[in-house]
Amino acid sequence: MPVNPELQGRQYPPTAPYLVGREKVREFARAVQATHAEHLDVEAARAAGHADVIAPPTFPIVIQQLTWNQLLDDPEAGIVLERIVHGDQRFTATRPIVAGDELTAQLTVTRVRSLGGNDMVTCETEVTDASGAHVVTATSSLVVAGEAA
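Quantities reported herein were computed from a predicted structural model and do not represent experimental measurements.

Caption draft 1: Looking closely at the pairing of strand β4 (residues 118–128). Both strand β3 (residues 102–115) and β4 contribute to a ladder of eleven bridges, which runs antiparallel. Residue Leu115 lies in a different strand from β4, and its bridge partner there is Asn118. The turn joining β3 and β4, which pair antiparallel and follow one another in sequence, is formed by two residues; a positive phi near 60 degrees is taken by Gly116. The sheet contact formed by β4 and strand β5 (residues 134–144) spans ten bridges and is antiparallel. Residue Glu126 lies in a different strand from β5, and its bridge partner there is Thr137.

As structure tokens, then:
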């Protein structure tokens, strides 16, 4: 089944708040080999003016994954998980994510197109803090392979 072109423009409900934990930030930093002290050491982060350790710039993917689950679980989407390849990822941040942040994310499908027998779905996930202020926008493109002939 091809991706439903009517997905373009669809906005999913905001996710439940995600509380960013200090150890989760440290684990993610080690996993992506982000060795800067501000990602691992509270005192180094505070010395740089942050309330706690700051997440590496790619950490928003953890929160964006929650919104992808909404898209993938949507029976009207026509997206089969086994046919997806992550094509592109970008982050535009207003400020760093800090341990202790309570973040909410909302996904909008910004583009659906067919290309070479495959479908491409581009999504933007807006991540905001507990006050509603913008923290980061995560933009991703998913390539959904067409069915084999």
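Caption draft 2: Region of interest: the packing of aromatic side chains. A full pass over the atoms with the stated rule returns one aromatic pair. Plain terms: the ring middles of Phe28 and Phe59 are 5.3 Å apart, the flat faces sit at 80 degrees to each other, and that makes the pair edge-to-face. On the criterion of sequence distance, the pair formed by Phe28 in helix α1 (residues 22–31) and Phe59 in the loop between α3 (42–47) and α4 (60–73) is long-range, its members being 31 residues apart. Both residues of the pair, Phe28 and Phe59, belong to the buried class.

Caption draft 3: Examining the environment of Val85 more closely. Along the chain, Val85 falls in strand β2 (residues 84–93). Counting along the chain gives 58 residues from Val85 to Val143, while the straight-line C-alpha distance between them is 5.1 Å. Setting aside anything within four residues of it in sequence, one finds Val85 in contact with Ser141, Leu142 and Val143.

Caption draft 4: Just the nonpolar core, in detail. Counting residues in hydrophobic clusters, the biggest one holds 16 residues, and the most contacted among them are Val20, Phe59, Ile63, Ile97, Leu103 and Val127. Those elements giving two or more residues to this core turn out to be α1, β3 and β5. Leave out the neighbours within four places in its chain, and Ile97 touches Val20, Val53, Ile54, Ala55, Phe59, Pro60, Ile63, Leu103, Val135 and Val136. Counting 14 residues, the second-largest nonpolar core is a separate cluster that includes Val3, Leu7, Tyr12 and Val112.

Caption draft 5: Local environment of α1. Within the span of α1, buried status applies to Val25, Arg26, Phe28 and Ala29. Within α1, the buried residues cover an arc of 165 degrees as seen down the axis, which keeps them to one side. Summarising the contacts, the buried residues of α1 are in contact with α2 (37–40), α3 and α4. Note on α1: the residue one or two positions beyond its end, Gln33, has a positive phi of about 60 degrees.

Caption draft 6: Geometry of unusual backbone geometry. Despite not being glycine, Gln33 has its phi angle at roughly 60 degrees, a positive value. Here Gln33 falls in the exposed class, since its relative accessible area comes to 69%.

Caption draft 7: Here's a closer look at α4. For α4, which comprises 14 residues, the first-to-last C-alpha distance of 20 Å matches the rise-based estimate of 20 Å (1.5 Å per residue) to within 8%. The largest bend in α4 comes to about 25 degrees, at Leu66. Those residues of α4 that sit buried are Pro60, Ile63, Gln64, Thr67, Trp68 and Leu71.

Caption draft 8: Structural detail: the sheet that holds β5. With antiparallel pairing, the five strands of this open sheet are ordered in space as β1-β3-β4-β5-β2. Of all the strands in the sheet, just β1 (18–19) and β2 have a single pairing partner and so form its edges. Sheet strands in contact with α4 are β1, β2, β3, β4 and β5, and its direction is about 130 degrees off that of β2.

Definitions and cut-offs
Residues numbered from 1 in each chain as written. Predicted model: local features only at pLDDT ≥ 70, side-chain atom pairs only at ≥ 80, totals over all residues. Heavy atoms only, no water. Pairing = 2+ DSSP bridges. Helix = DSSP H or I, 4+ residues; strand = E, 2+ residues; numbered from the N terminus. Phe/Tyr/Trp six-rings, centres within 6.5 Å; stacked < 30°, edge-to-face > 60°. Buried < 20%, exposed > 50% of the residue type's maximum accessible area, 1.4 Å probe, protein only. Contact = heavy atoms within 4.5 Å. Core = buried A, V, L, I, M, F, W, Y, C linked by side-chain atoms within 4.5 Å. Arc of directions from axis to C-beta. Expected span 1.5 Å × (residues − 1). Bend = angle between axes of the 7 residues up to and from the residue. Axes fitted to C-alpha atoms, helices over the stretch in contact; angles between N-to-C directions.

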